[in-house]
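One-letter residues, chain by chain:
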Amino acid sequence: MPVAILTDIHANLPALDAVLAAIDEAGLERRWCLGDVVGYGAQPDECAKLVSERCELSLVGNHDLAVTGEISTEVFSASAGAAVEWTRQNSDQSTIDFLKSLKAENTDHEVGLYHASPRDPVWEYVLAIDQARECMDAQSARVSLIGHSHVALWFSDGPGLPGSDGGGQAEDGRELDISEHRWLLNPGSVGQPRDGDPRAAWLELDTDAWKATYHRVEYDIDRAAEAIREANLPELLADRLYVGQ
């Protein structure tokens, strides 16, 4: 079954539009979102509406939960907290209701879906190989998908790829044969990448052939940044889009 995996949209409508267009061009009809639809960016209603209409399923992320008031922003950075408060004040009730309807994990499919990790679906940032191996021990399926870190990554308990020891950052076009061993895959962020590549990220997953392909998409960063500035959100949230950090 071919399916597009997207995550960490963060109210960045130009990035989401570009990714959805790329998914359509690839001919994929199924789309799964791993959460954090809102936060940081300035177009939460538009992004929530698109995800609710275009994605077969969506998870909830920590920023989504903060906007709905289900978790505190005490551990958030100042800019992230400011964006949560702005989103609470400027989102339509339909956006809030949609976010409240979501869960942080889904294990009903042939792959496990988690916003953050199999051990902690809301908060854990999986960035290290040893940490990923512990998460793979905890996951319910052989292959799991995670978001949250905004970095396109792969981890496996198999022999690894040439030049790796079981994990690494995934560049645009990277194809993985995931037909054997356990895997933990992060598509990277649609709306706020933090892996040095400012292009929007998504993952193409085929559970018939058991193949995963990483994709990056150019989008109108100027338009996303201008929306943030017009909303009087912290300037940092606009500036970081240009550098992918």
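Counting of residues starts from 1 at the beginning of each chain's written sequence and follows it residue by residue. The predicted origin of the model limits local features to residues at a pLDDT of at least 70 and limits the giving and counting of side-chain atom pairs to 80 or more, whereas totals for whole chains, interfaces and linings rest on all residues. To obtain the side-chain values, all non-hydrogen atoms of the structure were included, while hydrogens and water were left out.

S.K.: Kindly report on the overall build of the chain, identifying the contributing residues and their values.
M.R.: Put simply, DSSP marks the helices as runs of H or I at least four residues long and the strands as runs of E at least two long, and each gets a number from the N terminus on. Along its length, the chain carries eight helices and 12 strands. Here the globule rule is a power law, 2.2 Å times the number of residues to the power 0.38, and the radius of gyration is based on C-alpha atoms. Expected size for 245 residues packed as a compact globule is a radius of gyration near 18 Å; at 17 Å, the chain falls within 12% of this value. With the C-alpha coordinates aligned to their principal axes, the bounding extent of the chain is approximately 50 × 35 × 30 Å. Exposure categories follow from relative accessible area, calculated using a 1.4 Å probe and restricted to protein chains: below 20% of the type maximum is buried, above 50% is exposed, and the middle band is partly exposed. When each of the 245 residues of the chain is scored for burial, the buried share is 60%. Whether two residues touch is decided by their heavy atoms; if any such pair falls within 4.5 Å, the residues are in contact. Relative to all contacts within the chain whose residues are 6 or more apart in sequence, the contacts with residues 24 or more apart total 72%. Total accessible area computed for the chain in this model is approximately 9,800 Å², and 45% of it derives from carbon and sulfur atoms. Only the protein chains shown count as covering a residue, and every accessible area follows the Shrake-Rupley method with a 1.4 Å probe.

S.K.: Break down the sheet that holds strand 9 (residues 175-177) for me, citing the residues and quoting the values.
M.R.: As summarised here, the arrangement of the six strands in space is 3-2-1-11-12-9, forming an open sheet in which the pairing is mixed. A strand with exactly one partner marks an edge of an open sheet, and here the two such strands are strand 3 (57-58) and strand 9. Against the sheet, helix 1 (residues 13-25) contacts strand 1 (2-6), strand 2 (31-33), strand 11 (200-206) and strand 12 (211-217), and its axis sits at roughly 30 degrees relative to strand 11. By the convention used here, strands pair only if DSSP detects at least 2 bridges between them. Lines are fitted to the C-alpha atoms to define the axes, a helix being fitted only along its stretch in contact, and any angle between axes, read from their N-to-C directions, falls within 0 to 180 degrees.

S.K.: An account of the side chain of Thr 87 is requested, with residue identities and associated values reported.
M.R.: Note that Thr 87 resides in helix 4 (residues 78-90). Thr 87 has contacts with Val 38, Gly 39, Pro 44 and Val 67, leaving out every residue within four places of it along the chain.

S.K.: Account for the sheet that holds strand 8 (residues 167-169), naming residues and giving values.
M.R.: One open sheet holds the six strands; their spatial order is 4-5-6-10-7-8, and the pairing between them is mixed. The open sheet terminates on both sides in strands that have one partner only, identified here as strand 4 (105-106) and strand 8.

S.K.: I'd love a proper account of the pattern of salt bridges, names of residues and values included.
M.R.: A pair is scored as a salt bridge if a Lys or Arg side-chain nitrogen falls within 4 Å of a carboxyl oxygen belonging to Asp or Glu. According to the stated counting rule, one finds 18 salt bridges in the structure shown. Measuring nitrogen to oxygen at the nearest pair gives 3.5 Å for the salt bridge that ties Glu 171 to Arg 174. Residue class for Glu 171 comes out partly exposed when judged on its relative accessible area of 43%. Glu 235 is the salt-bridge partner of Arg 229, the closest N and O atoms lying 2.8 Å from each other. Look at Arg 229 and you get partly exposed, because its relative accessible area is 29%. It is possible to trace a salt-bridge network through shared partners that takes in Asp 172, Asp 195, Asp 197, Arg 199 and Arg 216.

S.K.: Now, about the layout of surface pockets: what can you tell me, with residues and values included?
M.R.: The gaps left among the atoms become clear once a water-sized probe is rolled over them. Of the grid points, spaced at 1 Å and generated over the protein atoms alone, those admitting a 1.4 Å probe that cannot get out make up cavities, while open sets with protein on both sides within 12 Å along at least five of seven lines make up pockets; any residue with an atom within 4 Å of a point is treated as lining. Grid points are joined across faces, edges and corners, and a volume is the space filled by probe spheres set on the points. Here the largest pocket defines a volume of roughly 170 Å³. Around the largest pocket, the lining is made up of 15 residues, and of these Tyr 40, Asn 62, His 63, Ala 80 and Tyr 125 lie nearest the centre. Here the residues of the lining of the largest pocket are counted per class, giving six nonpolar, six polar and three charged. Residue polarity follows a fixed list, in which Ala, Val, Leu, Ile, Met, Phe, Trp, Tyr, Cys and Pro are nonpolar, Asp, Glu, Lys and Arg are charged, and the others, Gly among them, are polar.

S.K.: Could you give an account of helix 6 (residues 129-138), naming the residues involved and the relevant values?
M.R.: When helix 6 is considered as a whole, its buried residues turn out to be Ile 129, Gln 131, Ala 132, Cys 135 and Met 136. The buried residues of helix 6 occupy one face: seen down the axis, they fall within an arc of 150 degrees. Opposite its buried face, helix 6 presents the exposed residues Asp 130 and Asp 137, each directed more than 90 degrees away. The arc in question is the one traced by the directions running from the helix axis out to the C-beta atoms.

S.K.: Requested: an account of the pairing of strand 11, with residues and values cited.
M.R.: When a strand is regular, its side chains alternate between the sheet's two faces. Buried residues dominate strand 11, accounting for five of its seven residues. When strand 1 meets strand 11, the two strands line up antiparallel, connected through four bridges. Residue pairing across strands places Ile 5 opposite Leu 203, the latter belonging to strand 11. Here seven bridges tie strand 11 to strand 12, and the two strands are oriented antiparallel to one another. The residue of strand 12 that forms the bridge with Leu 205 is Ala 212. The hairpin turn running from strand 11 into strand 12, its antiparallel successor, is four residues long, and Trp 210 in that turn takes a positive phi close to 50 degrees.

S.K.: Tell me about the pairing of strand 7 (residues 153-156), and name the residues and values.
M.R.: Alternating positions in strand 7 separate into two faces, Leu 153 and Phe 155 on one and Trp 154 and Ser 156 on the other, with burial throughout. Here three bridges tie strand 7 to strand 8, and the two strands are oriented antiparallel to one another. Within strand 8, the position partnered with Phe 155 by the bridge is Gly 167. As paired strands, strand 7 and strand 10 (residues 183-186) are joined by four bridges and run antiparallel to one another. Directly across from Leu 153, in strand 10, lies its bridge partner Asn 186.

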